[in-house]
Amino acid sequence: MKLKHFALCAIAAAIVGCDTNSNNNDNNLGSIALSGTVTSGQTLTAEVSDPDGISGDVTYYWYADGETIAGANSASFTLTDDQIGLPITVQGLYTDDGGINESHITEPTADVAAIAFPASLTIAGDALVGSQLTANVADENGFDGDTVTYKWFADDVEIADEALSTLTLTDAQFGTVITVSASFEDSRGFAESVTSTGTQVVARTNSEGQVTISGTPTVGNTLTAEIADTDGATGDITYQWLADAQEIVGETESTFTVDASLLGQKISVQVAYTDDNGFIEDNTSEETIAVSAVAVDEAGSVAIIGVAPYLTSGELTAEITDNNGVEEANVTYTWSADGVEVADSNSKTFTPAAYAGSIMSVKATYTDNDGFASEVTNSLDTLVYTQLVSNPEALLGALSGGLADGDFIGLNTGVYADMDAILLTSAVTLRAVEGQTPVLSGEVCVHVAAGVDGAGLTGLTFKNIDTKAGAFCEAEEDAVIYSEGDNFTFSQNTIDGDEATLNNSTYHWLMLKGKGALIERNTFSNRNFAENGSVIKMASASSDHVIEYNLFSGTSSNPNFDNSSLHLINVGSTTGSDAAENTNFTIQYNRVENFVTGRRLMRVQTSGATIKGNTIVNPNGGISLEDGGFNSVTDNVIIRTTDIASSDDRPAGILITPLGHTVSNNYIAGIRSGNKEAGGIVFTANPFSQADGGVPNSGNQAVLDSAGDFTLNVTNNTVLNSQQPIVFSTEIGSRAPVSDCDDLTAADTPVLYGLTKNAFKITFNGNLIANGLGDQTDEGTINSSATTQGLFYPNTLESDHAFEYDCDLINHDSSVLSNNFGYMDSRVSGDASGDWVEIRKLNGNGAFDTDGAIDQDPATNGKEVLEYVTATSTLLETDPAGLQAEAGAKGLHYIQSSEVGVGSTWEIQND
């Protein structure tokens, strides 16, 4: 701070002198003073004084930590949040009455503090049994509502297991005064703990009773009026039986015997009483079926009675309702778990001790009292839990209490912040209880140990997280959730945001080892501060993981798109020989939108992976097939609708090495970057020069050493409105002996030379390339067409080529280019060698003619006309009856945000 003050003073002295009496004149130096409270929102005032007098104007400059505050040129300045944490100085410049120019700067203040606005807490709602109260927190500093911890009190005694912002009052609170407390850290870092004022004394409100009739209205049968009233009905009750809504004279008891005179009429009963809470009730039942001379079968039903949320230790009871009457001795019960019958479960009651995580159901088979055979069934609407927890201490206690495979721990709403590491050593599932929202925040480590088969996390919210410092997750894999087990399930969870200050610059949200993990229907968003690492990282030594129906969204504020190791998914994670193993990973039917990564959205370092049917909007990088072989990238939609932020922003479709990969039926649009490793489809030798000496890493070398057909199958892809639709990249990496693949020679670099000249065997068939699509009349229509055709600025593209052929990455003898069509301003850039041009002209390829772009009226110019139709997905396809019918991607589904992520149910049809 002193250095910056000195620098400002030195600048001023160079102009007019700074607190100095130079030239030995008779000037009396003035001074400047600063007054006010150094807190955001407060006003500071500068006062300049000079013994020689100041009759003219004073010019002021205000500084925050030595940096000029724009527009602050008055004698006073009101501090804002922008200055929080910074010292303030002010400079005054003037000419005194003696004609001397003077400039003075104050000493720096203390750092500007934030205003610690006190939080407030009020309760809304009626203090009545059965009513809901709501806690309303207010704080001018701002706060995240998901991180607030609530406690409710009745006459200052905490109400157990009530940690929501709402409380439904029960009889237990009758006659008490309710208060609530809230604890949280506000947006300026102040710890807040507030308690509300009390409500009125909790009174009762009437719970209206209900009367039903048991028995069937058959002549000679006795009907019974049954009253249900949660307020109680133990006093005097008046009954009146009705036939077709008319009073039956003299029938004023709780029972009624049906008389033949009532044949064809419907019976009901009216009851009047004062309930046990003093409320007057007057209720009438529903009518029966019409009175009959002989018994009529009325459908029965069965209910399962138990305490929800249901526990393995809680007893469930089947209760049959049948107006024909039923004797328990005539009933056979069968209980089922997830639809599978439980052997020997023939009792009216059942305790689901061995069925954690299951939905229980019951079937009752019986003959009713009128001789009718019946079978009735019912199911619980929620699953059975082993144990319920409501706070971090209870959760950690449950986990350390000897859980077994198959146990389910239900988490109620609460903030589980900065907890000790969670270690799962058995196949336990942590699951949000239905209707509850548990939030895990801050530093988190969930570790599924090696050897565990079937652990899971379901329905949880992870908010503003980081890998826990010093925990096993961080030490082993820099991860937040680290699964070494098999068949791990991560489903219906939300991960929203990371901490602003991270323990590690590289960390991962999920690290998967073992085999068979299912990452399904989760929402991942706001990864704003991670510098490196992946949302999901899969070890190359693992296998059979499936990542599907997830939504990745909302991280457009992360500035780290220039970090090459900031990934969405690391599909395999090694340059070693494990990359040659067939992992059978599947990444399918996910939507990625505005999720900031480096130049590799998905870094593929394995073999046998499938990346299928994903929709990717506004990528910063591409799907990069780097280490390993025989991967499949099919049926994906990749669209960039925005301009690039800088040269480090490298949107791309798919980057390919020549190791037997299949890239088919992908729709790629709006990829606008001039970098040689950014384009619609990029053929690159770069990963072949990453080991010392510029030779392949051991993973790629292991693939090369194995038997197999390494031909690249690049077929039926559509690439629209892209600056570089197809790129044959010059980049070969920093470890190669030369910087450009055109400089490779057989003598100096035999390995790389052989790979680039011989290994690229390509079947390039049925691909469609077109630029100039979409309505480009104004900004609004450009943006509208950008959603399916990419963002295209024809007047600002530096180049517009079908092929960016800067390096001869193709085996001319073995490759086949057939049935491809191209529409753009020029056909080729870079190396236009005769061999290359000739191979493109063969096998039914379109003309790729100069000036053949469709927005230049090709028909008038005698060129092929691009014949498009709009598919139901709103994507463009070639007309099945047109000239280019065999080209381009077809039958794709453009996934919408609502179709995937937490709570979604959509599934792809006709996979």
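Residues numbered from 1 in each chain as written. Predicted model: local features only at pLDDT ≥ 70, side-chain atom pairs only at ≥ 80, totals over all residues. Heavy atoms only, no water.

By the naming in an unreviewed UniProt entry, the protein chain goes by Poly(Beta-D-mannuronate) lyase and is assigned to Pseudoalteromonas prydzensis.

Our focus in this paragraph is the overall build of the protein chain. Looking only at helices and strands, one finds seven helices and 72 strands in the protein chain. Its C-alpha radius of gyration of 37 Å places the protein chain more than 25% over the 29 Å reference for a compact globule of 911 residues. The dimensions of the protein chain, computed from C-alpha atoms along their principal axes, are 115 × 95 × 60 Å. Across the 911 residues that make up the protein chain, the buried fraction comes to 51%. In the protein chain, once contacts between residues fewer than 6 apart in sequence are set aside, the share between residues at least 24 apart is 69%. (Helix = DSSP H or I, 4+ residues; strand = E, 2+ residues; numbered from the N terminus. Rg over C-alpha atoms; globule rule 2.2 N^0.38 Å. Buried < 20%, exposed > 50% of the residue type's maximum accessible area, 1.4 Å probe, protein only. Contact = heavy atoms within 4.5 Å.)

What follows concerns the layout of surface pockets. Considered as a void within the structure, the largest pocket measures approximately 480 Å³ in volume. What lines the largest pocket is a set of 14 residues, and nearest its centre among them are Asp144, Thr147, Glu185, Asp186 and Asn464. When residues of the lining of the largest pocket are traced back to their parent elements, those giving at least two are β33 (414-417), β36 (438-444) and β39 (461-467). Residue composition of the lining of the largest pocket, by class: three nonpolar, five polar and six charged. (1 Å grid on protein atoms, 1.4 Å probe; cavity = no way out; pocket = protein on both sides within 12 Å on 5 of 7 lines; lining within 4 Å. Points joined across faces, edges and corners; volume = space filled by probe spheres on them. Nonpolar A, V, L, I, M, F, W, Y, C, P; charged D, E, K, R; others polar.)

We now examine the sheet that holds strand β6 (residues 88-95). Ordered in space as β4-β3-β6-β7, the four strands form an open sheet in which the pairing is antiparallel. The open sheet has two free edges, formed respectively by β4 (67-68) and β7 (101-105), since each of these has just one partner strand. The sheet contact formed by strand β3 (residues 59-64) and β4 spans two bridges and is antiparallel. Note on β4: the bridge partner recorded for Tyr63 is Thr68. (Pairing = 2+ DSSP bridges.)

Before going further, it helps to examine the environment of Thr745. With respect to the helices and strands, the residue Thr745 is situated in the loop between β64 (726-728) and α5 (750-759). The exposure class assigned to Thr745 is partly exposed, which follows from its relative accessible area of 28%. Other than its neighbours up to four places away in sequence, Thr745 contacts Pro750 and Tyr753.

Take the pattern of salt bridges next. All told, the structure shown has 14 salt bridges when counted by the stated rule. We note a salt bridge from Lys463 to Asp496, for which the minimum N-O separation is 2.8 Å. Placement of Lys463 in strand β39 and of Asp496 in strand β42 (residues 494-498) is noted, with a sequence separation of 33 residues between them. One salt-bridge network, in which partners are shared between bridges, spans Asp144, Lys463 and Asp496. (Salt bridge = Lys/Arg side-chain N within 4 Å of Asp/Glu carboxyl O.)

Here we come to the pairing of strand β62 (residues 712-715). By the bridge criterion, three bridges tie strand β59 (residues 662-664) to β62 in an arrangement that is parallel. Paired with Thr662 across the strands is Asn713, a residue of β62. Note that β62 and strand β65 (residues 762-765) share four bridges and pair parallel. Along β65, the bridge assignment pairs Asn713 with Thr763.

Attention shifts here to the confidence of the model for the protein chain. Of the residues in the protein chain, 91% have a pLDDT of 70 or more, and the chain-wide mean is 89. Throughout residues 1-23 the model reports pLDDT below 50, and contacts reaching past four residues in sequence, or to other chains, amount to 32 contacts. Taken as a whole, residues 849-857 scores under 50 in pLDDT and shows 24 contacts with residues more than four places along the chain or in a different chain. (pLDDT = per-residue confidence, 0-100.)

Residue alternation in β65 divides its side chains into a buried set, Ile762 and Phe764, and an unburied set, Thr763 and Asn765. Direction of pairing for β65 relative to strand β68 (residues 816-818): parallel, over a ladder of three bridges. Each bridged residue has a counterpart across the sheet, and for Phe764 the counterpart in β68 is Leu817.

Turning next to the state of the cysteines. Throughout the structure, instances matching the rule amount to two disulfides. Disulfide pairing places Cys445 opposite Cys473 at an S-S distance of 2.0 Å. For the disulfide bridge between Cys445 and Cys473, the dihedral angle about the S-S bond is near 70°, and by the sign convention the bridge is right-handed. Of this pair, Cys445 sits in the loop between β36 and β37 (446-448) while Cys473 sits in helix α3 (residues 472-477), and the two are 28 residues apart along the sequence. In this structure Cys473 comes out as buried when scored by relative accessible area, which is 0%. Disulfide partner of Cys741: Cys807, at an S-S distance of 1.5 Å. (Disulfide = S-S within 2.5 Å.)

What follows concerns the sheet that holds strand β29 (residues 373-379). Spatial ordering of the open sheet is given by β26-β25-β28-β29, a layout of four strands whose pairing is antiparallel. With one partner strand each, in any of the chains shown, β26 (340-341) and β29 form the two edges of the open sheet. The pairing of strand β25 (residues 331-337) with β26 spans two bridges and is classified as antiparallel. Following the sheet pairing, Ala337 is matched in β26 by Val340.

Turning to the packing of aromatic side chains, a few remarks are in order. Under the counting rule described, the total for this entry stands at 18 aromatic pairs. Here the aromatic cluster, defined as three or more aromatic residues joined through ring pairs, consists of Phe462, Phe488, Phe490, Trp509, Phe524, Phe552 and Phe595. (Phe/Tyr/Trp six-rings, centres within 6.5 Å; stacked < 30°, edge-to-face > 60°.)

Glancing now at helix α4 (residues 698-705). Within the sequence span of α4, burial applies to Gly699, Asn700 and Val703. Buried residues in α4, looked at end-on, bunch into an arc of 95°, giving them a common side. Where α4 is buried, its residues contact β55 (622-627). (Arc of directions from axis to C-beta.)

Structurally, Glu548 is set in strand β47 (residues 546-548). In this structure, Glu548 is buried with no salt-bridge partner, the nearest side chain bearing the opposite charge being Arg521 at 6.7 Å. Within the local environment of Glu548, its side chain forms a polar contact with the side chain of Gln588, the two groups lying 2.8 Å apart. For Glu548, the residues in contact, after removing those within four places along its chain, are Leu518, Ile519, Glu520, Arg521, Gln588, Tyr589 and Asn590. (Lys, Arg positive; Asp, Glu negative; His and termini not counted. Polar contact = N/O pair within 3.5 Å; in protein donor to acceptor, adjacent residues only side chain to side chain.)

Our next topic: unusual backbone geometry. Note that the residue after Ala308, namely Pro309, is joined by a cis bond; omega there is -5°. Even without a glycine there, the phi angle at Asp161 is positive, about 60°. Relative to the elements of secondary structure, Asp161 occurs in the loop between β11 (157-158) and β12 (166-168). Its identity is not glycine, yet Tyr589 carries a phi of approximately 60°, on the positive side. Mapping Tyr589 onto the fold places it in the loop between β50 (586-588) and β51 (591-593). Residue classification places Tyr589 among the buried positions, given a relative accessible area of 5%.

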